[in-house]
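Examining the three-dimensional arrangement
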There are 2 protein chains.
Amino acid sequence: MNYCPGLGYSQGVTTAGTARDTTTRTGPGAARQHTLRERNLELVARAVFEVPEPLSRAGVAAATGLARATVSTLVDQLVAARLVRELPAVTGGRAGRPAVPLVPAPRSVVGLGLEVNVDYLGVRVLDLTGDVVSERVVPGALHDSDPAVVLGRLGELAREVTDGVAASGMTVAGARLALPGLVDPRTGLLEVAPNLGWSSLDPVPLLGLGDLAVRIANEAKLAALAELAGGSDVAAPDSFIFVSGDVGIGGAVVVDRALFLGERGWNGEIGHVVVDPAGPRCSCGAFGCLEQYAGKEAMMRAAGLPPDSPLAALVARLAQTGAAAGGAQALPAGRALGSALADFVNLLDVGTIVLGGAYAELLPWLRADVEAVLADRVLAAPFVDLHVRAAQAGPHAALTGGAREVLRAVLAAPAAWV
Amino acid sequence: MNYCPGLGYSQGVTTAGTARDTTTRTGPGAARQHTLRERNLELVARAVFEVPEPLSRAGVAAATGLARATVSTLVDQLVAARLVRELPAVTGGRAGRPAVPLVPAPRSVVGLGLEVNVDYLGVRVLDLTGDVVSERVVPGALHDSDPAVVLGRLGELAREVTDGVAASGMTVAGARLALPGLVDPRTGLLEVAPNLGWSSLDPVPLLGLGDLAVRIANEAKLAALAELAGGSDVAAPDSFIFVSGDVGIGGAVVVDRALFLGERGWNGEIGHVVVDPAGPRCSCGAFGCLEQYAGKEAMMRAAGLPPDSPLAALVARLAQTGAAAGGAQALPAGRALGSALADFVNLLDVGTIVLGGAYAELLPWLRADVEAVLADRVLAAPFVDLHVRAAQAGPHAALTGGAREVLRAVLAAPAAWV
DNA sequence: GGCAATAGTTCATCCGTACAACAAATGCGG
DNA sequence: CCGCATTTGTTGTACGGATGAACTATTGCC
């Protein structure tokens, strides 16, 4: 599925004689004997976790290309590490010794998702099967709040939840804290979160979660990862653009089931893409940004509602005014959003667009305009099927995405758990 | 240098019970004993090729973390494969046995770059040191040309060049054909190249190059890769946005020295990003695309020149009208380009912008406007240094980029050459 | 009940790296 | 000029991990 023509890494053909590139790129390091073990442990773990029907040891061997003997020892280690569980042998009607199905271990190793957003605090625990083990979501008005107080409160919630989880014998592998702002994953610092009124702070210590490994990330990025779980009726795409409409507009890019983050993870800022340079001035100082057309307040105003109305009011108004779901021009946001998304697709060539936040509910009134503008403006539209769909992950998707991200890291390096 | 928080691969945590993701992702395959050898061969090759000062075997061992004994055997294989050459031992004034410097082997394994563009055909051969071994560039007016004739002629040029190269004992590792249009790397087909008047064709067989491995790619993408060689005075950035202005406007994205290609490699189409929805109609059918402001014809018209004037005429006119280099508003294209680039940066978070094609020469008259609009419109501008620079690779950069790409692939899998 | 079929385990073998010892080639101090 | 420290490169042994074949375990079917 990787169509890049073998462009996996640094090029490094240097013209002889010119002194540059002085920093030695250490690279991923030397491959030793135990590297094989780590690599194949990961391979086996992926085989067990990515397949819809449980595999046996023999099935894993066939799927991975490893020898049955090798798979046996690796699976035994994963079982001992409580990452994989053996189900009772099932006699499937065929001849031969019955196979032992291998499944992700439930309620053993879990991931913790944390979130501070404008109107709530949340904690969610997921186990390796994807089940929600425990969660707490507390509403609150957190514009211009005190980070120490809010994060301390979130830390308390997290401790309550993790204490209960640990009492049941589960192990918390780590945590991800989702924040609605510019986050620097290198330093773990929050640069600025306009809607919270926070800036330039180190949030992790304020949680007071001791030695638990907590990493921070942008809320929309983690919400996008939650979409990789797919929905009850629809499969998850491997590559998509995720755009979430709320007070601000957040975006993320997923390619081959991994986030694309640019240089610092500050990508996907579709809210400030040019829609019309003659448009209204944006809070960012520029003119005609998408946010001025498709941000929550702009949509409310366009519908004749107070800017801070709840989303339900807008939905009710749309239904009341008889705007045909599926019809064009129900919301002025539709064409603006389509225009910005067309830029996004032209620049990235990712053909599936997942709309989250308020857009998920408003999609019936947005879709016609969005799709029409995409067809007009995307250069490759004649050669590509563009898909626009609503987000599948439920409310507080960033909590799910954060917890999933912790568990993904566990599966990427299962050797640390054996 | 990888700031993504461990998002290397497919996630795969699936909710138990829901049937989806049915395609078994085979993954990169099982790691066997010889995988170690391949991996470490690559590591050693990179160490030799990426360092400005030649390393000895002991130096490679220190740089890679491998044992000296291991490095010795690996280096011997690379030398036998003619990828690496030993220089005469140099007694560097220090005590101890003199070290044998290892360098990329000159004139041994070479890469072939091919290109069809609107006004020329070209062939260029690079060796592993980055030197141009041989090249042929033939001007021609190729709008609305016959693909069979043009590609046949290019194939003849390529054979002439490769015959000479082979007669000198060199081995051509492969070729890349650069085309100005939408290319599908999966199938090797050219979907459409508007300026050539070509569409829906399989160009490789028309070259008549027999069993030589030829792959096709977009011209701007390969030109961007040429920038990884750096310039005589300035180091190459590891991540950058490349935008090349000509009749059309081409773009590419390089992150960590590798092309980012989206799903099909049809990304970087900045020429059709919205600058002003009330603007002129574009050849693509939409309104107010960047190409209508910063395409070559638009720039000529804005300067009062015939649309098909040579670039030199525009430069002369700018000098003549006394438009201050470095001053604002010398060209209307400047602010339009800045607007589209700001969208690009907002969506991708890549902070270095390399301008090629006509923009490289026009940069003195564009820079002030571009940088001003970027500062206004890029959301992360207060936290990031944005760099705008002219392309360093000389004319016909796609030829260099294509040849480099072939050699990069050789270094990524040196085991095939031992 | 015997036989074929499939799952899982055990064991000798092979491959590649690591570590240590050794050989080679130099600078330096006496 | 000689001995010694120093660094490079090579040789030999040990070890870890994957393999494939042989073996055991458990079922369906005739």
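Residues numbered from 1 in each chain as written. Chains lettered and ligands numbered in written order. Predicted model: local features only at pLDDT ≥ 70, side-chain atom pairs only at ≥ 80, totals over all residues. Heavy atoms only, no water.

In the nomenclature of an unreviewed UniProt entry, chain A corresponds to ROK family transcriptional regulator from the organism Promicromonospora umidemergens.

Quick look at the protein's contact with DNA strand C
Looking at DNA strand C, there are 30 residues lining it, with Arg 32, Arg 68, Ser 72 and Arg 97 of chain A together with Gln 33 of chain B nearest. Side-chain polar atom of Gln 33 of chain B to a base oxygen of DNA strand C: 2.5 Å apart, as the coordinates give it. Within the residue set of the surface near DNA strand C, elements represented by two or more residues are α2 (57-64) and α3 (68-80) of chain A together with α1 (33-50) and α3 (68-80) of chain B. Top element by residues in the surface near DNA strand C is α1 of chain B. It accounts for 4 residues. Class assignment for the residues of the surface near DNA strand C results in 12 nonpolar, 10 polar and 8 charged. (Near = heavy atom within 4 Å. Polar contact = N/O pair within 3.5 Å; in protein donor to acceptor, adjacent residues only side chain to side chain. Helix = DSSP H or I, 4+ residues; strand = E, 2+ residues; numbered from the N terminus. Nonpolar A, V, L, I, M, F, W, Y, C, P; charged D, E, K, R; others polar.)

Structural notes on the sheet that holds strand β15 (residues 387-390) of chain B
All names here are of chain B. Pairing within the open sheet is mixed, and its 5 strands lie in the order β13-β12-β11-β14-β15. Strands at the two margins of the open sheet, each flanked by one partner only, are β13 (258-260) and β15. When the angles between neighbouring strand axes are averaged without regard to direction, this sheet yields 30 degrees. In this structure, strand β11 (residues 240-245) lies alongside strand β12 (residues 249-255), joined through 6 bridges in antiparallel fashion. The residue of β12 that forms the bridge with Val 243 is Gly 251. Against the sheet, helix α6 (residues 219-226) engages β11, β12 and β13, with an angle of about 50 degrees to β12. (Pairing = 2+ DSSP bridges. Axes fitted to C-alpha atoms, helices over the stretch in contact; angles between N-to-C directions. Contact = heavy atoms within 4.5 Å.)

Let's talk about the protein's contact with DNA strand D
Surrounding DNA strand D, one finds 30 residues, the nearest of these being Thr 70 of chain A together with Arg 32, Arg 68, Ser 72 and Arg 97 of chain B. Close to the protein, within 4 Å, the atoms of DNA strand D belong to sugar or phosphate groups at a rate of 64%. In the environment of DNA strand D, a base oxygen lies 2.9 Å from a nitrogen or oxygen atom belonging to the backbone of Gly 96 of chain A. A distance of 2.6 Å separates a base oxygen of DNA strand D from a polar backbone atom of Arg 97 of chain B.

Brief notes about the pairing of strand β10 (residues 214-218) of chain B
Residue and element names in this part refer to chain B. In terms of burial, β10 is largely enclosed, as 4 of its 5 residues are buried. Two elements, strand β6 (residues 171-179) and β10, share 5 bridges in a ladder whose sense is parallel. Counted as the bridge partner of Leu 177 is Ile 216 from β10. (Buried < 20%, exposed > 50% of the residue type's maximum accessible area, 1.4 Å probe, protein only.)

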